[in-house]
Amino acid sequence: MDWYYVVDNERIGPVSDEDFQALIDNGTIQPDTLVWNETMEAWEKFRQTTDGEEATDGRVPCAECGNYFSTDDVIQYENAWVCASCKPVFLQKLKEGVNVSGDLRYAGFWIRAAAAIIDGIILWVVQIVVTTPFTLILSGMMGDINQMEDQNFENLGLFMGLQFFLIFLQFGIAIAYETWFVGKYAATPGKMACKIKVIKSDGEKVGYGLAFGRYFGKLVSSIILGIGFIMAGFDGQKRALHDHMCNTRVVYKD
């Protein structure tokens, strides 16, 4: 019997029973991996199939490496099983407060949209406060330039330079806002208010570098008519385009 399975939204197969068992043993096929064969009416998570328990011979997957082991060779923590090799890493994650239960609740499109609206309002207020002095200066300079006096044309270069500075200042505030809060707290104030956060695919905290890159990924999601954001409504793990690009997830806080 041939099997098909999905990895990173790509359907792979057919593979034989023997090869499928090898994929289970090396951790490629996880309990939540979507699988299908000719005896099934629809795609299902492997753990939900009638073959799931039989195929693993009663073994359980390690929450860290994904390989299957006898229950005698692993330790259990809540809903997670951990093999001896992965135990030190697992215990370190527990100390750091990382979610290790495997019960992640992904944040969908609408809750993320609400968080984005809150962040947008906060950023708007901050930018108004910071840029108002420069806006007033520009308004005064515009009045002088409109008078079309020859001596005022020398101010045109300064006027244009100040305009570009204002644009970059607003852009810089937005970058700093996203990078600082996500890198430091794993969530912007809007996400905090909605009780969601950004994590890496392995559940680890997002660092400043990745938070910085993720901001530019969000720009890509925006410039394609917002389709990158809409993707979160249809993805199995509620990932937007920038989540795919940076291998991040947005989940509810515990």
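Residues numbered from 1 in each chain as written. Predicted model: local features only at pLDDT ≥ 70, side-chain atom pairs only at ≥ 80, totals over all residues. Heavy atoms only, no water.

Side note on the sheet that holds strand β1 (residues 3-7)
Here is step 1 of the chain: Overall, antiparallel pairing links the 4 strands, which are arranged β2-β1-β3-β4 in an open sheet. One side of each edge strand has no neighbouring strand; the edge strands of this open sheet are β2 (10-15) and β4 (44-45).
Here is step 2 of the chain: This element, helix α1 (residues 17-25), spans β1, β2 and β3 (34-37) of the sheet and lies at about 130° to β2. (Pairing = 2+ DSSP bridges. Helix = DSSP H or I, 4+ residues; strand = E, 2+ residues; numbered from the N terminus. Contact = heavy atoms within 4.5 Å. Axes fitted to C-alpha atoms, helices over the stretch in contact; angles between N-to-C directions.)

Looking at helix α7 (residues 208-223)
Here is step 1 of the chain: Taking 1.5 Å per residue as the helical rise, α7 with its 16 residues ought to reach 22 Å, and the 23 Å between its terminal C-alpha atoms agrees with that figure.
Here is step 2 of the chain: What α7 keeps buried is the set Ala211, Arg214, Tyr215, Gly217, Lys218 and Ser221. Projected down its long axis, α7 carries its buried residues within an arc of 165°, all on one side. Turned more than 90 degrees from where α7 packs its buried face, Gly209 and Ile223 sit exposed.
Here is step 3 of the chain: Two residues or fewer past α7, Leu225 is found with a positive phi of approximately 65°. (Expected span 1.5 Å × (residues − 1). Buried < 20%, exposed > 50% of the residue type's maximum accessible area, 1.4 Å probe, protein only. Arc of directions from axis to C-beta.)

Here we look at the nonpolar core
Considering soluble globular proteins, one finds that nonpolar side chains tend to be buried as a cluster.
Here is step 1 of the chain: Trp3, Tyr5, Val15, Phe20, Leu23, Ile24, Ile29, Val35, Met40, Phe46 and Tyr68 form the largest nonpolar core, which has 11 residues in total.
Here is step 2 of the chain: Residue assignment for this core shows that the elements contributing at least two residues are β1 and α1.
Here is step 3 of the chain: In terms of residues, this core owes the most to one element, α1, which gives 3 residues.
Here is step 4 of the chain: One finds Val182, Cys194, Ile196 and Val250 within the second-largest nonpolar core, a separate group that totals 9 residues. (Core = buried A, V, L, I, M, F, W, Y, C linked by side-chain atoms within 4.5 Å.)

Overview of the pairing of β1
Here is step 1 of the chain: Judged from the 4 bridges that link them, β1 and β2 form a sheet pairing that is antiparallel. Bridge pairing in β2 places Val7 opposite Glu10.
Here is step 2 of the chain: Connecting β1 to the next strand, β2, in antiparallel fashion are 2 residues, including Asp8 with a positive phi near 55°.
Here is step 3 of the chain: Taken together, the 3 bridges between β1 and β3 define a ladder with antiparallel strand orientation. What sits directly across from Tyr5, in β3, is Val35.

Some points on unusual backbone geometry
Here is step 1 of the chain: Each neighbour pair has its own omega, and for Gly13 with Pro14 the value is 5°, a cis peptide bond.
Here is step 2 of the chain: Relative to the elements of secondary structure, Pro14 occurs in strand β2.
Here is step 3 of the chain: Positioned with a positive phi, Lys195 is a non-glycine residue whose angle comes to about 60°.
Here is step 4 of the chain: Note on placement: Lys195 falls in the loop between α6 (189-193) and β9 (196-200).
Here is step 5 of the chain: The phi dihedral of Lys238 is positive, around 55°, even though this residue is not glycine.

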